[in-house]
Amino acid sequence: MTAVDGDEVSTTTATARQARQVRQRGAFILLGSVQATLIFTLAAISVPLPRIGREFGVQRPDLILLSAAYGLTFAGLLLFGGRLADRYGGRRTLTAGLTLLAAASAAAPLAPGFEALLAARFAQGAGAALSAPAAMAVLRAVFPSPAAYGRAMATWGGLSVLGATAGNLLSGVISTLLSWRWNFAVPLVVAGAALALAPRLLPDTTPSGGRALDLPGAFLATCGITLASYGLVVTDAHPWSSADVLVPLLSGTVLLAAFWGAERRARDPLLPPPFLLDRRRAAALSAIALTACGTAMTFVVLSLHLQQERDWSALRTSAAFVPFAVALLASGRAAGPLIGRYGARAVTAAGLGVGGAGLVLLALGGLDAGTPYAYGLLPGLVLLPLGTAASFAGAAVLATDGVPLGQAGLAGGVMNTAMEFGPTVLFAVLLTLGGDASSLAAAGAALAALAALTALSRRTGPRPS
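Residues numbered from 1 in each chain as written. Predicted model: local features only at pLDDT ≥ 70, side-chain atom pairs only at ≥ 80, totals over all residues. Heavy atoms only, no water.

Along its length, the chain carries 19 helices and zero strands. In terms of C-alpha radius of gyration, the chain reaches 22 Å, essentially the compact-globule figure of 23 Å for 465 residues. In terms of its C-alpha atoms, the chain occupies a principal-axis envelope of roughly 80 × 50 × 50 Å. Classification of the 465 residues of the chain by burial places 53% in the buried group. Long-range contacts, defined as pairs at least 24 residues apart, comprise 83% of the intrachain contacts of the chain with a sequence gap of at least 6. (Helix = DSSP H or I, 4+ residues; strand = E, 2+ residues; numbered from the N terminus. Rg over C-alpha atoms; globule rule 2.2 N^0.38 Å. Buried < 20%, exposed > 50% of the residue type's maximum accessible area, 1.4 Å probe, protein only. Contact = heavy atoms within 4.5 Å.)

Time to look at unusual backbone geometry. Positive phi, normally seen in glycine, also occurs at Asp311, with a value near 60°. Within the element layout of this structure, Asp311 appears in the loop between helix 12 (279–309) and helix 13 (314–320).

Okay, the environment of Ser67 next. Its place among the elements puts Ser67 in helix 3 (residues 60–88). When neighbours within four sequence positions are excluded, Ser67 is seen to be in contact with Leu49 and Arg121.

Our next topic: the domain arrangement of the chain. Partitioning the chain into structural domains gives domain 1 (19–207), domain 2 (214–267) and domain 3 (272–460). For domain 1 versus domain 3, the distance between C-alpha centres works out to 20 Å. Contacts between the two partners involve 35 residues from domain 1, matched on the other side by 36 residues from domain 3. A combined buried area of about 2,900 Å² lies between domain 1 and domain 3, and 71% of that area is made up of carbon and sulfur atoms. Contact with domain 3 buries surface across domain 1, with Ala154, Val161 and Leu169 losing the most and accounting together for 18% of the total. There are zero residue pairs in polar contact (both at pLDDT 80 or more) connecting domain 1 and domain 3. Looking at the side of domain 1 that touches domain 3, the elements with two or more residues in it are helix 1 (3–43), helix 3, helix 5 (114–142), helix 6 (146–156) and helix 7 (159–177). The dominant element in the side of domain 1 that touches domain 3, judged by the number of residues it contributes, is helix 7, at 10 residues. (Domains from an automatic or database assignment. Buried area = accessible area lost by both parts, 1.4 Å probe. Polar contact = N/O pair within 3.5 Å; in protein donor to acceptor, adjacent residues only side chain to side chain.)

Where nonpolar side chains cluster on the molecular surface, the patch consists of Leu177, Leu178 and Trp182 and spans about 390 Å² of accessible area. Note that Leu177 resides in helix 7. (Patch = residues over 30% accessible without salt bridge, like charges linked within 9 Å, V, L, I, M, F, W, Y side chains within 5 Å. Areas by Shrake-Rupley, 256 points an atom, 1.4 Å probe, with all protein chains shown as cover. Salt bridge = Lys/Arg side-chain N within 4 Å of Asp/Glu carboxyl O.)

Time to look at the packing of aromatic side chains. Across all of its chains, the model carries seven aromatic pairs by this definition. Residues Phe56 and Trp180 carry aromatic rings whose centres are separated by 6.0 Å and whose planes lie at 75° to one another, so their mutual orientation is edge-to-face. In this pair, Phe56 is assigned in helix 2 (residues 49–56) and Trp180 in the loop between helix 7 and helix 8 (185–201), connecting sequence segments 124 residues apart. Overall, the relative accessible area of 17% leaves Phe56 in the buried class. (Phe/Tyr/Trp six-rings, centres within 6.5 Å; stacked < 30°, edge-to-face > 60°.)

Pasting the structure below:
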């Protein structure tokens, strides 16, 4: 081979590598936009709920159900959605989920009454439950190299909290300037664009074929998670001792116990017990759940505090979270390089510690109506996102480390279930501890304790990344 031939081969190889990187970047942007939008949709009606109640003439219990409807079907169907992605292929399942999400998002703003809007929110959650784990299954195919996949997951981990932040920021702005119905335009546009671009940008992932779906396990998991979550959600409107709480909560707990027993005996379980009992993965999922809980609690508690105690408008309340969003973006951008240098476990532990400090600061001074925003709320609203973005990124890498291609959808389902577990189950439990300040302080202490455990395990065990 002559020198000229060698140069041509090198040029061709470099061109092919550059083209592959461009396709990977485009695929990641598409999938990341979908993931962030799914969490945005969860928070899209949180701020305008009072307006919806006045328009439809419904009271607080119905509004609580409307707020939780999306999350109930989202959380309940995630494990089944992950297995569908593994069996039938990530892109095919993603297409089905996005189609359902788009249809429900188109129906929601046209709802003539409360019942129609509630049904649309349930359907949105079902579409999200198919889309979220399928997006992660496709992402695994886009980045087949473990190192490249780890780098992608470091960025992916912060997308959910970014979507939640955008939902809380934009829902107030859109509702004030236009109408709460326009909030549904975001998932409709993103889902439509993703459906149009998916055949061009996303690989057609290989399904696992003959793997059984474990329908009994899917039924038990879906019903158990949904009932237990609903029981916890309605504690805001009913006492813990009431039948409205105890019946769904205990029924869901029994079904989940039956699900765990069934999975231990199943030949091809929906959720293989060893997958969840892996110590590194369990620690990572705990970090995701606690971080999601702390973030959700902050948005809910401060939104109510600013509007009810300080008499701020919805638009001004949304503006108060702008520093939160800026710090979140900065931390998310830095998380990937930090994970590459110090390891996912160290970054997760540091993020948990910083996030816990932010929550404690908010609890100590932020909820006093007489304390100025600049030094009562702002320090906590900066520290919390700096920590949560880092912990989400590191935990996402740990939770998916070593997962084979055939279980990528399962990993996505489990990760997203942890994200939903935090803002529902943990949130409801922490709110029983007393006032808002006590709940925030308890969440901060839990994050700090998990940070210490994560750091200690890093010293005594091998680094996974």
